[in-house]
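# Architecture and fold: a report
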Amino acid sequence: MCLAPAALGPAALGQDGDTPATLAGNWVFEADLHQACTFDGQARLTPTDTKNVFGCELTARQDCPSIDVTYVVQQTCTATVNGDAMTIRSEIQTFLQGEPSAFYTPDSFQLRIQSASRMSGVLVGADFYPAVWQRADGAIS
């Protein structure tokens, strides 16, 4: 999948390519799974002592009515910024809804930073699915 270039100016990235602090905070996301399932969730990015690295937590919801399965999965993750790209690597902590399954892989993302309130790219799971992250309403850190 080809990802569009980001539209972040130098002021948003700060001097010397510093990680934009404006990315910290609450986000909502969704992905198009190309099937009878919906996928969305929420995440929180928190700054760390390491340049260009955020700690994060996310809760993803995958609902597949055609097979009567819904998963709500709490995960921890690390978000790394490299230029206008963010890579989010997740690890499953617990299934809040739905039976744990070896077929449910951690929800990781490859995103392009478009602004301090929008990122788009792909959900990396069993396949690659178009995904969008947007700033949660009223959530500015």
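Everything numeric in this text was worked out from a predicted model, so none of it was measured. (Residues numbered from 1 in each chain as written. Predicted model: local features only at pLDDT ≥ 70, side-chain atom pairs only at ≥ 80, totals over all residues. Heavy atoms only, no water.)

Here we take up the nonpolar core. Phe39, Leu45, Met86, Ile88, Phe109 and Trp133 are the most contacted members of the largest nonpolar core, which has 32 residues in total. Those elements that place two or more of their residues in this core are strand S1 (25-31), strand S2 (38-47), strand S3 (53-64), strand S4 (69-82), strand S5 (85-97), strand S6 (108-115), strand S7 (118-124) and strand S8 (128-135). Those residues in contact with Leu45, other than ones at most four positions away along the chain, are Leu23, Ala24, Gly25, Trp27, Phe54, Gly55, Cys56, Ala79, Met86, Met119 and Trp133. (Core = buried A, V, L, I, M, F, W, Y, C linked by side-chain atoms within 4.5 Å. Buried < 20%, exposed > 50% of the residue type's maximum accessible area, 1.4 Å probe, protein only. Helix = DSSP H or I, 4+ residues; strand = E, 2+ residues; numbered from the N terminus. Contact = heavy atoms within 4.5 Å.)

Here the focus is the packing of aromatic side chains. To describe a pair of aromatic rings, one takes the distance between the centres and the angle between the planes. Counted by the stated rule, this structure contains eight aromatic pairs. An angle of 85° between the planes, with centres 5.2 Å apart, marks the rings of Phe109 and Trp133 as edge-to-face. In this pair, Phe109 sits in strand S6 while Trp133 sits in strand S8, placing the two residues 24 residues apart along the sequence. Overall, Phe109 belongs to the buried group, its relative accessible area being 1%. Feature note: the residues Trp27, Phe29, Phe39, Phe109 and Trp133 constitute an aromatic cluster, connected by ring pairs. (Phe/Tyr/Trp six-rings, centres within 6.5 Å; stacked < 30°, edge-to-face > 60°.)

Once that is clear, we can look at the pairing of S3. Bridging between S2 and S3 involves 10 bridges; their strand directions are antiparallel. Within the sheet, the bridge partner assigned to Arg44 lies in S3 and is Glu57. In sequence, S2 turns back onto S3 through a hairpin of five residues, with Asn52 there showing a positive phi of about 70°. Taken together, the 12 bridges between S3 and S4 define a ladder with antiparallel strand orientation. (Pairing = 2+ DSSP bridges.)

Tallied over the entire structure, the rule returns one salt bridge. Between Asp84 and Arg112 there is a salt bridge; the shortest N-O distance is 3.3 Å. One end of the pair, Asp84, is in the loop between S4 and S5; the other, Arg112, is in strand S6, with 28 residues separating them in the sequence. (Salt bridge = Lys/Arg side-chain N within 4 Å of Asp/Glu carboxyl O.)

Attention now moves to the confidence of the model for the chain. With 82% of its residues at a pLDDT of 70 or more, the chain has an overall mean of 85. Confidence drops under pLDDT 50 across residues 1-17; counting only partners more than four residues distant or on other chains, this segment forms 27 contacts. (pLDDT = per-residue confidence, 0-100.)

Attention now goes to the side chain of Ser120. Residue position: Ser120 is located in strand S7. Of the residues examined, Ser120 reaches a relative accessible area of 17% and is grouped as buried. The residues contacting Ser120, other than those within four sequence positions of it, are Gln110, Leu111, Arg112, Gln114, Ala131 and Val132.

So, about the sheet that holds S3. Read around the barrel, eight strands follow the order S1-S2-S3-S4-S5-S6-S7-S8 and close on themselves; strand pairing throughout is antiparallel. When strand polarity is set aside, the average angle formed by the axes of neighbouring strands in this sheet is 30°. Bridging between S1 and S8 involves five bridges; their strand directions are antiparallel. Bridge pairing in S8 links Phe29 to Trp133. (Axes fitted to C-alpha atoms, helices over the stretch in contact; angles between N-to-C directions.)

Turning next to the environment of Leu45. The topology assignment puts Leu45 in strand S2. Along the chain, Leu45 and Gly25 lie 20 residues apart, while their C-alpha atoms are 5.2 Å from each other.

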